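Analysis of the macromolecular model
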Amino acid sequence: FTPSVLLKMAGTARHDNQMAEKARKLLDTTQDPVEKLRLQCLSRGSSGIKGLGRCFRIMDDDKSRSLDYSEFKKGIYDYGLDLDPDDARKMFETFDRDGSGTIDFDEFLVKLRPPLSKSRRTLIQKAFRKLDRTGDGQITVEDLHGVYDARHHPKYQNGDWTEDQVFLKFLESFDTPGDPDGVVTYEEFYNYYVGVSASIDNDIYFDVMMRKAWKL
């Protein structure tokens with residue numbers, strides 16, 4: 001793959017802007033607290049939900065993968081989302097189905113994602129499997145050798161970056177925002193494409209984009 005794959009892969013900036021604008025408009029009319037949070041994330045573009053996930057991960061000091069109400073509220077406000085306390089409380093209670101006072105972090109993010117059709121989920125799985133050449137469930141620089149052609153990258157051509165540096169930059173597109181570790185898990189890859197998918201209404205366009213980008 002050449003760097004142009006990045007353009008196809010991310011949809012386009014135009015799609016992202018259209019989705020953000022649409023989310024901002026819908027925010028004025030929706031009453032559902034969960035939908036409000038989803039739309040506020042999407043109004044930040046395709047990486048909005050991923051960014052909120054990172055905020056919660058940072059606060060999860062004990063690595064319990066669960067959040068109590070104060071952590072939940074702090075995460076939302078730290079991320080800069082504008083929710084009144086009543087909505088934040090209603091939202092938390094929606095996710096805290098068993099009334100335990102905590103919510104499962106992963107389950108929360110799954111429910112926050114916009115719904116994906118089965119055909120789109122299948123394409124995302126196929127793309128991940130193609131990139132994960134070692135089959136260990138994560139994409140690393142090692143996987144990209146022979147799959148992604150770094151020689152066409154301008155920074156490689158002018159000698160600024162090595163091949164591995166180009167690969168790391170490529171992986172950052174999918175990695176957790178602000179906390180890249182050079183390893184992309186299926187969850188990170190999937191979350192990235194959930195955001196991209198939300199910017200593309202047409203299933204056929206999404207299908208064509210994925211097949212062209214990853215030669216599926």
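All values derive from a computational prediction rather than experimental measurement.

On to the side chain of Ser 43. For Ser 43, the location among the structural elements is in the loop between helix 3 (33-42) and helix 4 (48-59). The class of Ser 43 is buried, set by a relative accessible area of 15%. Among all residues touching Ser 43, those that are not within four sequence positions of it are Ala 20, Ala 23 and Arg 24.

Right, let's get into the side chain of Gln 40. As for its placement among the helices and strands, Gln 40 is situated in helix 3. Every residue in contact with Gln 40, bar those within four places of it in the chain, is listed here: Leu 27, Leu 81, Asp 82 and Leu 83.

Let us look at the pattern of salt bridges. Counted according to the given criterion, the structure contains seven salt bridges. Linking Asp 87 and Lys 36 is a salt bridge whose minimum nitrogen-to-oxygen distance equals 2.9 Å. Of this pair, Asp 87 sits in helix 6 (residues 85-95) while Lys 36 sits in helix 3; the two residues are 51 residues apart in sequence, bridging distant segments of the chain. Given the relative accessible area of 7%, Asp 87 is considered buried. Relative accessible area serves as the criterion here: at 18%, Lys 36 is assigned to the buried category. One salt bridge in this structure joins Asp 78 and Lys 74, with 2.7 Å as the shortest N-O distance. Of this pair, Asp 78 and Lys 74 both sit in helix 5 (residues 69-78), four residues apart, roughly one helical turn.

Next up on the list: the confidence of the model for the chain. On average, residues of the chain score 82 in pLDDT, and 91% of them are at 70 or above. Counted against residues more than four places away or in other chains, residues 1-11, with its pLDDT under 50, gives 38 contacts.

Definitions and cut-offs
- Residues numbered from 1 in each chain as written.
- Predicted model: local features only at pLDDT ≥ 70, side-chain atom pairs only at ≥ 80, totals over all residues.
- Heavy atoms only, no water.
- Helix = DSSP H or I, 4+ residues; strand = E, 2+ residues; numbered from the N terminus.
- Buried < 20%, exposed > 50% of the residue type's maximum accessible area, 1.4 Å probe, protein only.
- Contact = heavy atoms within 4.5 Å.
- Salt bridge = Lys/Arg side-chain N within 4 Å of Asp/Glu carboxyl O.
- pLDDT = per-residue confidence, 0-100.

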